[in-house]
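Take a look at the letters that make up each chain.
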Amino acid sequence: SIHSFIVNCPNLLTEDILRRLAVPLEAALNLLTFFAGQDSPLKAYGGQIRLPVALVRLRFLEVLSVLPKTILENSYAPLLRILVSEITITDSLNGSNFTSLLSDLLTPTERKLLGSDAFDDKSNIIENILSSNSAIGASSLEHDATFLFRTKSDANNQPLPIGIALIDASITVFGKIYPRVATKHKFQMIKHFKECIRTAKANRLEPLQLNVYGSLLAGLKGIVEEKYSLSEMDLINSAREMVDSALTSQNALLRCIAAECLGRLAQVIGNDQITAEMAQKSIDNPKSATDVASRTGHSLALGCLHKYIGGLASSQHLQPSISILLPLSQDSASPAVQAWALHALALLAESGGPMFRSFVEPTLTSILKLLLTTQSANGDVLLCLSKLLQAIITTLGPELSVQDAGVSTARSNVLIAIDIMQYGQIDIQSESILSLQQLHMFAPGEIDLLDLVPKLVKFLQNNNLKLRRAAASCLRQLSHKESKQISEIVSGETKVGVKDTHHVENIMAYSESGLPGILFSALDQEEDNFVIKDCQETLLCLLGSIDPRNLSSWIILCKEILTTSSSVNDDNNKDEREETDDDDAVFTKGEDTSSQGILKPRWGTQVFATLCLNKIISQCCQGHRAHFDLALAKEVVINGGNSGLLVLHLAELMRMAFMAATSVSDPVKIEGLETLRVIIDKFADTVEPEFPGHVILEQYQAQVGAALRPAFSSDTPSHITAKACAVCSTWLNSGVVRDLTDLKRVYQLLVSCLSKLKKGTSSSCYNESASTLEKLSILQAWAEVYIVSMRTKSVEDEFGFDDEDDEFGDFSSNGTKDGNNSLSSLVTAELPSLSKHWLGAMKDHALLSLPQEFKSQLPYEGGAFYTNDTIELSRPHYKNTWAPILHASCLWITEADNMKAEIENGVDAGNNLGDSGENLTKSRFHLLTGICLESLCNPRSTELSRAQVLSCLCALEALLKGKTTRHMMSREVGILVEICNVLHRQALTQESSVAQVKIISVMSLVSQAAAEQLANKKQDKLKEVEHLKLTKEETSKILANIGEGGKIGEIVKEKSTAFAILEVCLCVLVQYFPDISPRATQSSSIIAMQARSRAKLSHRNQLSAEQMDLIATCVKTLGSIMYLCSPSGAVALAPSVFYLVTSVLQTTAAQNHELGPAAGQEQTIVQALLEALQTLVSIRFPEFPDEQESYNKIIQSGLLRLLDAAKSGTQEETKLDEVTVLLAIKVYLVFAPTQTISNSIVKYPILNAFSIVMQHQDVLVRRKCIKILNQIYRVERSEVSVPFIQATAPIIIRILLGPDVKSKVASEDQLSLHADCLETLELLIVKSHPDKRILEIYIPILVNLLLEQQQPTAALASTTPITTNLVQKQHDMALARLTRIGNQLPHDFKRILAENGELKARIEQAVLRSQEQDRMKRLAKQQMQQVVSQPSIKLKTDFSNFT
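Being a predicted model, the structure only gives us computed values, none of them experimental.

**Student:** I'd love a proper account of the overall build of the protein, names of residues and values included.
**Tutor:** In terms of regular secondary structure, the protein is built from 59 helices and zero strands. Within the protein, the proportion of its 1443 residues that are buried is 51%. Taking the contacts inside the protein whose residues are at least 6 apart along the sequence as the reference set, 73% of them involve residues at least 24 apart. Roughly 68,100 Å² of accessible area belongs to the protein as shown, and the carbon and sulfur atoms make up 52% of that amount.

**Student:** Give me the lowdown on the packing of helix α2 (residues 15-36) against helix α4 (residues 76-87), citing residues and values where you can.
**Tutor:** Where α2 meets α4, the axes come as close as 10 Å, and the angle between the chain directions of the two elements is 55°. Considering their axes alone, α2 and α4 lie oblique with respect to each other. Between α2 and α4 lies a crossing of left-handed hand. Between α2 and α4, the contacting residues are Leu29, Leu32 and Thr33 on the first element and Pro78, Leu79 and Ile82 on the second. A class-by-class count of the residues in the contact of α2 with α4 yields five nonpolar, one polar and no charged.

**Student:** So, helix α32 (residues 740-753): which residues are in play, and what are the values?
**Tutor:** Helix length check: α32, at 14 residues, gives a terminal C-alpha distance of 20 Å against a target of 20 Å (1.5 Å per residue), a fit within 8%. At Val746, α32 shows its largest kink, close to 30°. For α32, the full list of buried residues reads Leu743, Val746, Tyr747, Leu749, Leu750 and Cys753.

**Student:** Kindly report on a nonpolar patch on the surface, identifying the contributing residues and their values.
**Tutor:** A cluster of nonpolar residues, Leu31, Phe34 and Val56, forms a patch on the protein surface that exposes about 250 Å² of accessible area. Along the chain, the position of Leu31 falls in helix α2. Accessibility expressed as a relative area gives 40% for Leu31, which makes it partly exposed.

**Student:** Kindly report on the packing of aromatic side chains, identifying the contributing residues and their values.
**Tutor:** Counted according to the given criterion, the structure contains eleven aromatic pairs. An aromatic cluster of at least three residues, connected via ring pairs, comprises Phe174, Tyr178 and Phe193. Positioned above the aromatic ring of Tyr178 is the side chain of Lys186, whose terminal nitrogen or guanidinium carbon lies 5.8 Å from the ring centre.

**Student:** Go over empty space enclosed by the protein, please, and point to the residues and values.
**Tutor:** Counting across every chain of the model gives six cavities of 30 Å³ or more. One number sums up the size of the second largest cavity: a volume of about 70 Å³. Together, Leu1229, Thr1234, Ile1237, Ser1238, Lys1243, Ile1246, Glu1279, Val1280, Pro1283 and Phe1284 line the second largest cavity. Counting residues per element, the ones that place at least two in the lining of the second largest cavity are α51 (1234-1237), α52 (1240-1254) and α54 (1278-1296). The element best represented in the lining of the second largest cavity is α54, accounting for four residues.

**Student:** Can you tell me about unusual backbone geometry, naming the residues and giving the values?
**Tutor:** With the exception of glycine, most residues fall at negative phi, and the peptide bonds are largely trans. Its identity as a non-glycine residue notwithstanding, Lys227 has a phi of 60°, on the positive side. Checked against the element boundaries, Lys227 lands in the loop between α9 (202-225) and α10 (233-246). Among the residues examined, Lys227 registers a relative accessible area of 75% and is labelled exposed.

**Student:** Describe in detail the confidence of the model for the protein, supporting the description with residues and values.
**Tutor:** Scored by pLDDT, the protein has a mean of 79; 81% of the residues are at 70 or more. Confidence drops under a pLDDT of 50 for residues 565-597, and excluding neighbours within four residues, the segment shows 43 contacts in the predicted structure. This model gives residues 798-820 a pLDDT under 50, and the stretch forms 18 contacts once residues within four places in sequence are excluded.

**Student:** Can you explain the pattern of salt bridges? Please cite residues and give values.
**Tutor:** The full count for this structure, using the stated rule, is 41 salt bridges. In this structure, Lys1267 engages Asp1316 in a salt bridge whose closest nitrogen and oxygen atoms are separated by 3.8 Å. Residue Lys1267 is found in helix α53 (residues 1259-1273), and its partner Asp1316 is found in helix α55 (residues 1308-1327); the two are separated by 49 residues along the sequence. Judged by its relative accessible area of 7%, Asp1316 falls in the buried class. Counted as one network, the salt bridges with shared partners bring together Glu1336, Asp1388, Arg1391 and Glu1395.

**Student:** Lay out the state of the cysteines in plain terms, naming residues and giving numbers.
**Tutor:** Going through the model one piece at a time under the given rule, you end up with zero disulfides. No disulfide involves Cys558; its sulfur sits 5.9 Å from the nearest other cysteine sulfur, which is in Cys612. Take Cys558: its relative accessible area is 0%, and that puts it in the buried class. Distance from the sulfur of Cys1265, which forms no disulfide, to the nearest cysteine sulfur (Cys1317) is 9.6 Å. Take Cys1265: its relative accessible area is 1%, and that puts it in the buried class.

**Student:** Can you explain the environment of Ile1225? Please cite residues and give values.
**Tutor:** Inspection of the secondary structure assignment puts Ile1225 in helix α50 (residues 1218-1231). The class of Ile1225 is buried, set by a relative accessible area of 0%. Remark: the alpha-carbon pair of Ile1225 and Ile1268, spanning 43 residues in sequence, is separated by 9.6 Å. In this view, Ile1225 contacts Leu1199, Leu1203, Ile1246 and Phe1250; residues no more than four positions away in its chain are not counted.

**Student:** Please provide a residue-by-residue account of the packing of α52 against α54, values included.
**Tutor:** It is at 10 Å that the axes of α52 and α54 come closest, and there the two elements cross at 10°. The angle between the axes of α52 and α54 places the two elements in the roughly parallel class. Across the interface between the two elements, Lys1243, Ile1246, Leu1247, Phe1250, Ser1251 and Met1254 from α52 touch Pro1283, Phe1284, Ala1287, Thr1288, Ile1291, Ile1292 and Ile1295 from α54. For the contact of α52 with α54, a count of residues per class yields ten nonpolar, two polar and one charged.

**Student:** Could you give an account of the side chain of Ser432, with specific residues and numbers?
**Tutor:** On the secondary structure map, Ser432 appears in helix α19 (residues 426-442). Residue Ser432 is classed as buried on the basis of its relative accessible area of 2%. In terms of polar contacts, Ser432 uses its side chain to reach the backbone carbonyl oxygen of Gln429, at 2.5 Å. Residue contacts for Ser432: discarding those within four places in its chain leaves Ile418, Met421 and Gln422.

**Student:** Give a description of the environment of Ser1126 that names residues and reports values.
**Tutor:** Relative to the elements of secondary structure, Ser1126 occurs in the loop between α46 (1105-1121) and α47 (1127-1155). Of the residues examined, Ser1126 reaches a relative accessible area of 0% and is grouped as buried. Apart from the residues within four sequence positions on either side, Ser1126 is in contact with Ala1040, Asn1041, Gly1043, Glu1044, Gly1045 and Gly1046. Polar side-chain contacts of Ser1126 include one of 2.7 Å to the backbone oxygen of Gly1046.

**Student:** Describe the side chain of Glu674, listing the residues and the values that go with them.
**Tutor:** Its place among the elements puts Glu674 in helix α29 (residues 666-683). Its relative accessible area of 15% is what places Glu674 among the buried residues. The contact partners of Glu674, leaving out residues within four places of it in the chain, are Asn614 and Lys723.

**Student:** How would you summarise the environment of Gly974 if you had to cite specific residues and measurements?
**Tutor:** With respect to the helices and strands, the residue Gly974 is situated in the loop between α39 (963-971) and α40 (975-989). Expressed as a C-alpha distance, the spacing of Gly974 and Ser1056, which sit 82 residues apart in the sequence, is 8.5 Å.

**Student:** Before we move on, can you summarise helix α31 (residues 718-733) with the specific residues and values?
**Tutor:** The end-to-end C-alpha distance of α31, which contains 16 residues, comes to 23 Å, matching closely the 22 Å that a straight helix rising 1.5 Å per residue would cover. With twelve of 16 residues buried, α31 is to be regarded as a mostly interior element. When α31 is considered as a whole, its buried residues turn out to be Ser718, Ile720, Thr721, Ala722, Ala724, Cys725, Val727, Cys728, Ser729, Thr730, Trp731 and Leu732. Positive phi appears at Gly735, one or two residues downstream of α31, with a value of about 80°.

Conventions used here
Residues numbered from 1 in each chain as written. Predicted model: local features only at pLDDT ≥ 70, side-chain atom pairs only at ≥ 80, totals over all residues. Heavy atoms only, no water. Helix = DSSP H or I, 4+ residues; strand = E, 2+ residues; numbered from the N terminus. Buried < 20%, exposed > 50% of the residue type's maximum accessible area, 1.4 Å probe, protein only. Contact = heavy atoms within 4.5 Å. Areas by Shrake-Rupley, 256 points an atom, 1.4 Å probe, with all protein chains shown as cover. Axes fitted to C-alpha atoms, helices over the stretch in contact; angles between N-to-C directions. Parallel < 35°, antiparallel > 145°, perpendicular 65-115°, else oblique. Left-handed = near helix turned anticlockwise from the far one by under 90°. Nonpolar A, V, L, I, M, F, W, Y, C, P; charged D, E, K, R; others polar. Expected span 1.5 Å × (residues − 1). Bend = angle between axes of the 7 residues up to and from the residue. Patch = residues over 30% accessible without salt bridge, like charges linked within 9 Å, V, L, I, M, F, W, Y side chains within 5 Å. Salt bridge = Lys/Arg side-chain N within 4 Å of Asp/Glu carboxyl O. Phe/Tyr/Trp six-rings, centres within 6.5 Å; stacked < 30°, edge-to-face > 60°. Lys NZ or Arg CZ within 6 Å of the ring centre and 35° of its normal. 1 Å grid on protein atoms, 1.4 Å probe; cavity = no way out; pocket = protein on both sides within 12 Å on 5 of 7 lines; lining within 4 Å. Points joined across faces, edges and corners; volume = space filled by probe spheres on them. pLDDT = per-residue confidence, 0-100. Disulfide = S-S within 2.5 Å. Polar contact = N/O pair within 3.5 Å; in protein donor to acceptor, adjacent residues only side chain to side chain.

Below you can see the structure in the form of structure tokens.
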């Protein structure tokens, strides 16, 4: 039990637990020491208690093997005695057994050299039983019943006899503690091992040697892992003697272990001289020795020395080692020597790296020679040759892709060697594939895919597991880069023949679908996990490279796999068909017309096929609108486009999702439900062209209900019900459901789950964690439905929808309005119980989110939906579901009626969040607000998904929108500042424009709450001073100083809401206008680079509508900051606010200049800037003259900064848009105090700016300028309007008196310009002196615009018809204005005409001509009415008198 606890619960192993575990372990060690002593009861009762004692020893060592090395550190001496006695098999219970760990210490090639060629797990069991190095009857469950519950990671080996298991455990523990014992003890153990080997009997010598050398190798390996070293020469020499004696042993396994020991020994010594002696001895020995054992042992010793010391440390021995190993590898008289020497050469090449480059050519020559001369029976030699070839490919590396003479020769030799290996035995063929796979990494162009890919496909159906693994791995690698190419190759191969070569009879084949079908077919029959994983990764790579415009083959393939997943028998189908409810309509598979039954795909294949289908819908078609627009898809098909668009296969997609969701396999059900959810999400807005006002998914309502209903039965697993709840919420929120009856079908499924939310109710078949998942998923689904219902309700309230409004008829209104209203009413009925559970879940989440040090403060009885025993298992479920529940809880608590009801009802017996009505509301408010702020400001907030961040922001927005909750929030000290700080952090980290828009929305609500907070403070202060009977001015002063800044204007950053809002605004604006911050312009941080990228988008006018609204809202909020401050505080913040507004205005104006004349006026950002500027310059402090004077100077400085930027921007990059600048100046002129703009340093630059724009070449710019002047002329303050009239009115008059104003009107814009000028002059008539002397100028201008009597035939003969039409329009406009002036001011009009006879004559001619034109028009109209068209068919009967 202790062993299982340590293995399965490693996170619970604290220092205290380890200290407590040490007590029974020490007692067990004392007990085992007593049994091993002289007074041991084993001597008297050996036969009866020997086996139980051995079992206790085994369990004790197993526990030590998984505990930290420091445990029992003070009791190493007795522990070592026990270990050594087991290793040296002093107990007769072990007999001649030896450890089974040796093969795990060797490489696959070395195991091949020892004769172990079993690659398949099934074959491996038989080989181990028959092997001479194994115990008969191993891997039997009767040896150890604990393997019934041990996992694979818990026990790497199979159940072994207790004697072998004891030796294995002893060697494992020995390897852990040997590095930590004293040097003298290490030396004593080596001496003891040598003595035991020397005195051992012949029949026990070999097992003893294997155990001893295995333990020595484990000890040396432990020293390396602990980063210790050996420096005692006696110990080193003794260990060397011990290892050297085994290198020439007749046992091949022992020679391998000894060579490994020699390499590890050289690694822990770290002495170059001793290492050189070891290497030289292994080099010299094969020269003189002729026996196979010596040559093979020392050859492998050389390889291990280079393997563990490394290339640089062994570079001096590289050439001598190769000079001895190459001849040995060509000793055809001894294949064993050849194989061992080649394996050693491979180790040298792998460790040598670039230093082995000079030996590549002779080694390749030797490989080619041996491949041509070695017989196929010598499989060991050929295998080692392939490993050596792979090592050489690694050595050459990227050099293989270089086009050079020397490299070309080496590359050609490599390709020749691989080609030769492809015609060998199956093992050699698999090695050739691995060599090709390795060559493809460095020189992909040298691989002939047309030849390789068909072979790999055929190898997938081979009976040999090693070959299948190699083929699957190679296909996986090829698919990463050449997925499209290999798919085309397989599709073009008509003779692949995989359908008839399956080694599993009657398995389904999908060869018609190309490579994906072949891989799915392999998944159906494969049992090896590595092959299955490689095939799945290959399919995913192929799926990622498919053309989104052609998905038909994949859809057909998935349909073929998934539509056979239904295992409902005929009786059940008959019963279902008898049901009358539409929800019971199910898809059924067509009858099998084949003469022989076909095995259905495995559930694993179905799961993966469903995953692929899900990926196709959600990812592969992203950005292709035609896949989700039926009308567009039909148009594409009509125009000859592809027919693989998803929307055209929607019926098949729904069929596949339905079949998977109703499968008998739980994993398939999960993926089927997820696919159904994705389909609903993607196609919810796809309209049905043939039925306007309806969506395409409406026809599948019955299928969706039938797919979901089985998931809500009482015997359904919790995780399936949880997934079905998510699908239900997606379906209800999609807006597809049009009828209340249809809505209730799925709604009732969610209602049926509410009974599971009661405390103590859970399924008896599943654990508490599964029950927690189910309950939280139910709450999440209801929360999502409630959020959508409240959103639609708020939209209806905003636009004033009325149930009695039938303007659009029943057909269109029934779908959108009535469906959403019914959803809202249905959810409202369940809110009393849901709200309690939502708040309970939020309390659980808050408790579980506490740091580990507060774990002891958690409730002992657990929470609303978790128990104290399942805290760790429940945390992930809360982590995945808390965000929507939080949002829904905040929406619910902000409803005034709900708050009022809670307060009236007092204590809620079903909730433990408070003890009275008002306290209950406050505690809930604090709980939800705390969760929002903690989640957003926590350092781990970067782990939150985008949806969770948005949910938190929406929850804060809901709390701030509610009148009661906003009032509570404004009453809390510092909470608004904390919210702004959290928003500032999120503005820095969130790149999504959607999140930033929500951040600014919350910030604007914070500004509103702060304004209400200030209003409440002023109201309270007003009540306090009422009895003092102060004057109105004194009271206003007192109330004004309540704002932030107080009397002295000191803004405390940590406590100021206005300053916190300013920080958030600056953070957002810098991301789009980095030039306003010099630090952001020069910084190299990621945020600064992102800001410059956004600025480029803004420079190219590529900002989205959301981003423009974001900037606009941010700028408007800047204008409202000043109202939160006292007059002195406003003066303190005003420079920063004006700087931000004018900086953004300059940048926007510069961008608008590049986009075109007057483009800035129509932009959202410019309008927001003008509104903010108007708000700022309109602020007055009449009771504080000093502060007003300072504020006026700041206003004036902002205007001067803008004028200076407009004047100095001479280059195209810095030049500002004229209309944007004039609009900003107009705001100052209309709303700013008079003294700020009457100063000469301001007035004359403004007049100059208008005068310059009035003479602009572009007509549209001049027209906009005239419109702005029109508004300035209307200003009541003469100090503002009169200078502009005096400076700009003459320019307007000159425009109207131009030489070509009458004959050359080039465009409608020019005509509109003249009309605007006339309108502006008419405004001067109203504002002029009572004698209306301006008419003496205005009437001649109008007369000048009239056409002369002979002008149309003479002067206009050369003009275009368009120009002639415009001149005529101008004439008509002038005549109409003259007529209006004559009617409005008859006396002045007659006086002026009487004084000027020419004007009178021109006007009379124009009037007569106009009357003549009107008469001609009426005459032509009458003639047209009199002309009666003759009928084409004359009737014989006259019906004229028929009535």
